[in-house]
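Overview (structure and organization)
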Amino acid sequence: MASKNKKLNLKDKYQYLTRDMAWEPTYEKHEDIYPDESFEGIKIINWDQWEDPFRLTMDTYWKYQAEKEKKLYAIFDAFAQNNGQQNITDARYVNALKLFLSGISPVEYAAYQGYARVGRQFSGAGARVACQMQAIDELRHAQTQQHAMSHYNKHFNGLHDASYQHDRVWFLSVPKSFFDDARSAGPFEFLTAISFSFEYVLTNLLFVPFMSGAAYNGDMATVTFGFSAQSDEARHMTLGLEVIKFILEQHEDNVPIIQKWIDKWFWRGFRLLSLVGMMMDYMLPNKVMSWAEAWEMYYEQSGGALFKDLERYGIRPPKYQDVANAAKNHSSHQTWATFYQYSQATNFHTWMPQEEEMAWLSEKYPETFDKYYRDRFEHWDKEQKEGNRFYNNTLPQLCQVCQIPTIMTEKDDPTVFSHRQIKHEGERYHFCSDGCCDIFKNEPEKYIQAWMPVHQIYQGNCGGADVATVVEKYYHIVPGVDNMEYIGSPDHQRWLDIKGLKPLSASRDKTAAA
Ligand SMILES: [Fe+2]
Ligand SMILES: [Fe+2]
Ligand SMILES: [Zn+2]
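None of the values given here were measured: they were computed from a predicted structure. (Residues numbered from 1 in each chain as written. Chains lettered and ligands numbered in written order. Predicted model: local features only at pLDDT ≥ 70, side-chain atom pairs only at ≥ 80, totals over all residues. Heavy atoms only, no water.)

**Structural notes on the coordination of the iron ion (ligand 1)**
Distances from the iron ion (ligand 1) to its protein donors, Glu-108 (OE), Glu-138 (OE) and His-141 (ND1), fall within 2.0 to 2.1 Å. For the iron ion (ligand 1), the donor residues sit on a single chain with the sequence spacing E-x29-E-x2-H. Metal-to-metal, the separation of the iron ion (ligand 1) and the iron ion (ligand 2) is 3.3 Å; Glu-138 coordinates the two. Pair noted here: Glu-138 and His-141 are both in helix H5 (residues 125–155), with a separation of 3 residues, about one helical turn. By the burial criterion, Glu-138 is buried, and His-141 matches it. (Donors = N, O, S within 2.8 Å, 3.2 Å for Na, K, Ca; no water. Helix = DSSP H or I, 4+ residues; strand = E, 2+ residues; numbered from the N terminus. Buried < 20%, exposed > 50% of the residue type's maximum accessible area, 1.4 Å probe, protein only.)

Here it is in structure tokens:
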């Protein structure tokens with residue numbers, strides 16, 4: 001590429017330092033070295049047209065990352081030495097971190113593995129370097145999150161077995177199956193799913209709730225991680241956009257394939273984010289913004305502009321986008337209500353929102369909260385105060401695709417579940433929505449393999465014949481400590497002790513599950 005005696009420009013120089021290291025093979029066939037590039041139907045005419053999404057060489061990568069790491073670990077150390085966990089708004093907040101460490105950190109690690117693989121599979125050397133750098137960024141995220149949370153793990157319950165629980169606990173199969181789906185797919189789908197749909201389109205809906213949530217609630221350790229990961233994420237987003245444009249420009253036959261993946265991964269990502277929505281509206285003692293506002297800003301507005309931009313490639317916005325937009329006024333309430341009644345089987349606590357939080361919810365959800373959700377919450381609150389804290393001891397039906405209990409409702413009627421079912425090869429399968437049902441129909445042979453936690457409990461594969469045994473022995477959730485109601489929990493008690501507040505009256509810790 002480089003002609004002699006001519007000074008290289010920035011672009012050519014970077015390609016000289018990356019792509020020019022690779023060569024055309026002679027003693028092995030190209031397709032034997034890169035056997036995974038064709039079976040998905042994607043046609044790549046010329047990898048040379050790949051535009052580098054960023055131009056970091058290894059020495060600059062080491063240098064900039066090292067500077068970030070040094071600052072990050074200095075703050076983690078200071079946070080621990082000064083018992084920074086005592087500066088959070090109140091201990092209810094830590095439940096967001098329990099969800100984060102068991103639901104999100106393990107998928108950072110899965111992303112590391114996924115990018116390590118595609119960083120081998122692509123025959124374009126520029127794309128390989130970009131994916132390899134993302135792989136080691138994700139390894140960094142997985143590890144720095146362990147370190148950020150390690151001090152909380154000493155002082156609060158529910159954080160002690162996160163990656164173990166990720167593989168087993170019913171609701172953690174929601175993030176786990178999401179990433180397993182992406183990693184069992186081919187390399188181009190992996191990139192469309194994770195780099196584009198997740199890291200580009202939906203990334204702010206994951207990061208802003210957790211990181212701004214930490215900022216609004218006095219959690220220096222988590223904010224610092226988020227702050228430090230910002231510039232990694234900027235690169236990840238650039239890769240996401242570059243990859244989609246590159247694939248679309250390579251061949252017109254790629255367009256319908258990519259459209260199908262956009263539809264699928266938008267819907268799967270949206271479903272996964274229902275966990276984040278409830279976190280944002282219910283688990284943060286100091287609110288950042290409502291889930292509905294976040295969805296409007298980061299999906300409806302930003303996503304709207306993006307898909308407008310992609311029109312020129314023949315791409316339309318994701319299917320069932322209208323259903324997702326309408327769900328913004330319901331999903332956090334529906335999800336929190338579900339976790340409230342099943343928190344005998346979670347590694348975090350739930351509680352009923354306080355009166356001023358309910359007032360905030362009424363204000364943020366003027367069309368829906370008072371009409372559909374407040375009465376139920378006030379009823380449960382009253383029951384709880386009378387010593388009958390509600391736990392649902394009948395396990396829920398799960399969606400065959402997203403694995404969330406089928407708690408979601410019809411777009412035009414929030415009093416009717418959007419349950420769907422079909423028969424496939426003599427077996428019956430159930431879904432939370434048309435979005436999940438379509439995904440199944442496209443690849444039933446994939447989703448019939450799903451390890452559905454509730455089914456596996458009934459199959460006897462989870463170490464116990466009743467939920468209490470499964471929770472304790474198979475999930476490693478410590479009964480009465482990690483799980484159930486926040487009020488009266490050891491975390492709550494410890495928090496009152498830290499703040500020098502008086503102990504709880506005995507009547508309130510007796511609200512045990514059956
Ligand atoms: Fe990450
Ligand atoms: Fe990322
Ligand atoms: Zn579903």
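**Quick look at the confidence of the model for the chain**
Of all residues in the chain, 97% have pLDDT values of 70 or greater, and the mean over the chain is 96. Scored below 50 in pLDDT, residues 506–514 makes 15 contacts in the model with residues more than four places away or belonging to other chains. (pLDDT = per-residue confidence, 0-100. Contact = heavy atoms within 4.5 Å.)

**Quick word on the side chain of Glu-485**
Here Glu-485 shows up in the loop between helix H21 (467–474) and helix H22 (490–498). Engagement of the side chain of Glu-485 in a polar contact is seen with the side chain of Gln-384, the distance being 3.0 Å. Within the structure, the side chain of Glu-485 is placed 2.9 Å from the backbone nitrogen of Ile-487, a separation counted as a polar contact. (Polar contact = N/O pair within 3.5 Å; in protein donor to acceptor, adjacent residues only side chain to side chain.)

**A word on the coordination of the iron ion (ligand 2)**
For the iron ion (ligand 2), every protein donor is listed as Glu-138 (OE), Glu-199 (OE), Glu-199 (OE), Glu-233 (OE) and His-236 (ND1), and the spread of their distances is 2.1 to 2.7 Å. Positions of the donor residues of the iron ion (ligand 2), expressed as sequence spacing, correspond to E-x60-E-x33-E-x2-H.

**Concerning the pattern of salt bridges**
For the structure shown, the criterion picks out 37 salt bridges. The closest approach of N and O atoms between Asp-181 and Lys-264, which form a salt bridge, is 3.1 Å. Of this pair, Asp-181 sits in helix H7 (residues 173–184) while Lys-264 sits in helix H11 (residues 254–272), and the two are 83 residues apart along the sequence. For the pair Asp-181 and Lys-264, one class covers both residues: buried. Two residues, Asp-370 and Arg-374, come together in a salt bridge whose shortest N-O distance is 3.0 Å. (Salt bridge = Lys/Arg side-chain N within 4 Å of Asp/Glu carboxyl O.)

**Section: helix H13 (residues 291–309)**
Taking 1.5 Å as the rise per residue, H13 with 19 residues should run 27 Å; its terminal C-alpha atoms sit 25 Å apart, in good agreement. Of all the bends in H13, the greatest, near 30°, is centred on Gly-303. Along H13, the positions that sit buried rather than exposed are Trp-291, Ala-292, Ala-294, Trp-295, Tyr-298, Tyr-299, Gly-303, Leu-306 and Phe-307. (Expected span 1.5 Å × (residues − 1). Bend = angle between axes of the 7 residues up to and from the residue.)

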